[in-house]
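Residue strings, one per chain:
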Amino acid sequence: MTARANRIATLTDAAIELIADGGMRALTHRAVDSRAEMPPGTTSAYLRTRQALIEAVVGRLADRDRADLAAYDLPTGPPPPTPAPRLDGDDLDALAAGVAEVLDRWLSTGRSRSLARYACLLEGVHRPELRGILQHGTGLRAQARDLLTRAGATDPDRQGDQFVAFVDGLLFDRLAGAGALSAPQPGTAASRADLSAAVRTLLRALTGR
């Protein structure tokens, strides 16, 4: 990573924490400088406009999410040109456990990133120029379609999209919805087991197993 890329990563990580703490209104160039412990004017020198800053934040969120998925051996790119071997029941259980590990991380040590991600998505609803934020989810949907194909789903294109939507809803419920009141404490074995059971139920429902 170049010195410039390292500096932008530092600034965007600081911006993510600001958004998580105070929402999009808290995001200013001056506030990012302060949070990143950089001299005044540093953020504006690298990311001149607010739009450029938000886009850089979104890119950083996507990069760190991909790193998390790779760490748990979950696919991060488009499906291969030829179908992979068909998944069996044990594979589905392992996949559910892997997804649960990532979700639990995004609810615990990655909580700030999850909050910032949703804040950026909501910002994009009201600012058409930021709708490109949504493109960061297309790779996950493509991979989910491939996984559902291998798992024997009858309509993998539609069901793959549903899988991503349901899992995203599960994350939001545990992060900011009523699920946060009753679910096990994030970062614990109980949380991972509970999430794994939910994802396993979803996979079995979509594949008819």
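In case you missed it, the structure is sitting above this.
Notes on the structure in this doc start here. (Residues numbered from 1 in each chain as written. Predicted model: local features only at pLDDT ≥ 70, side-chain atom pairs only at ≥ 80, totals over all residues. Heavy atoms only, no water.)

Secondary structure summary: the protein contains 10 helices and zero strands in total. When its helices and strands are written in sequence order, the protein yields α-α-α-α-α-α-α-α-α-α. Over its C-alpha trace the protein gives a radius of gyration of 18 Å, about what one expects of a compact globule, namely 17 Å for 209 residues. Once the C-alpha set of the protein is aligned to its principal axes, its extents read approximately 55 × 40 × 30 Å. Burial statistics for the protein: of 209 residues in total, 41% are counted as buried. For the protein, the share of sequence-separated contacts (at least 6 apart) that also reach a separation of at least 24 residues comes to 70%. When the accessible surface of the protein is summed, it comes to about 10900 Å², and 54% of that surface belongs to carbon and sulfur atoms. (Helix = DSSP H or I, 4+ residues; strand = E, 2+ residues; numbered from the N terminus. Rg over C-alpha atoms; globule rule 2.2 N^0.38 Å. Buried < 20%, exposed > 50% of the residue type's maximum accessible area, 1.4 Å probe, protein only. Contact = heavy atoms within 4.5 Å. Areas by Shrake-Rupley, 256 points an atom, 1.4 Å probe, with all protein chains shown as cover.)

What follows covers the nonpolar core. Note on soluble globular proteins: their nonpolar side chains tend to be buried together. With 25 residues, the main nonpolar core has V99, L103, F163 and V199 as its most contacted residues. Looking at this core, the elements with two or more residues in it are α5 (89-107), α7 (138-150), α8 (156-176) and α10 (189-207). Looking at this core element by element, the count peaks at eight residues for α5. The contacts of L103, once residues within four sequence positions are left out, are V167, L170, L171, L195 and V199. In this structure, A15, I19, A36 and A119 belong to the second largest nonpolar core, which totals 23 residues. (Core = buried A, V, L, I, M, F, W, Y, C linked by side-chain atoms within 4.5 Å.)

Below, the discussion takes up the packing of helix α1 (residues 3-22) against helix α6 (residues 111-126). Running from N to C, α1 and α6 cross one another at 80°; their axes reach a closest spacing of 8 Å. Looking at the two axes, α1 sits roughly perpendicular to α6. Across the interface between the two elements, I16, E17, I19 and A20 from α1 touch S112, R113, L115, A116, A119 and C120 from α6. Its residues assigned to classes, the contact of α1 with α6 comprises seven nonpolar, one polar and two charged. (Axes fitted to C-alpha atoms, helices over the stretch in contact; angles between N-to-C directions. Parallel < 35°, antiparallel > 145°, perpendicular 65-115°, else oblique. Nonpolar A, V, L, I, M, F, W, Y, C, P; charged D, E, K, R; others polar.)

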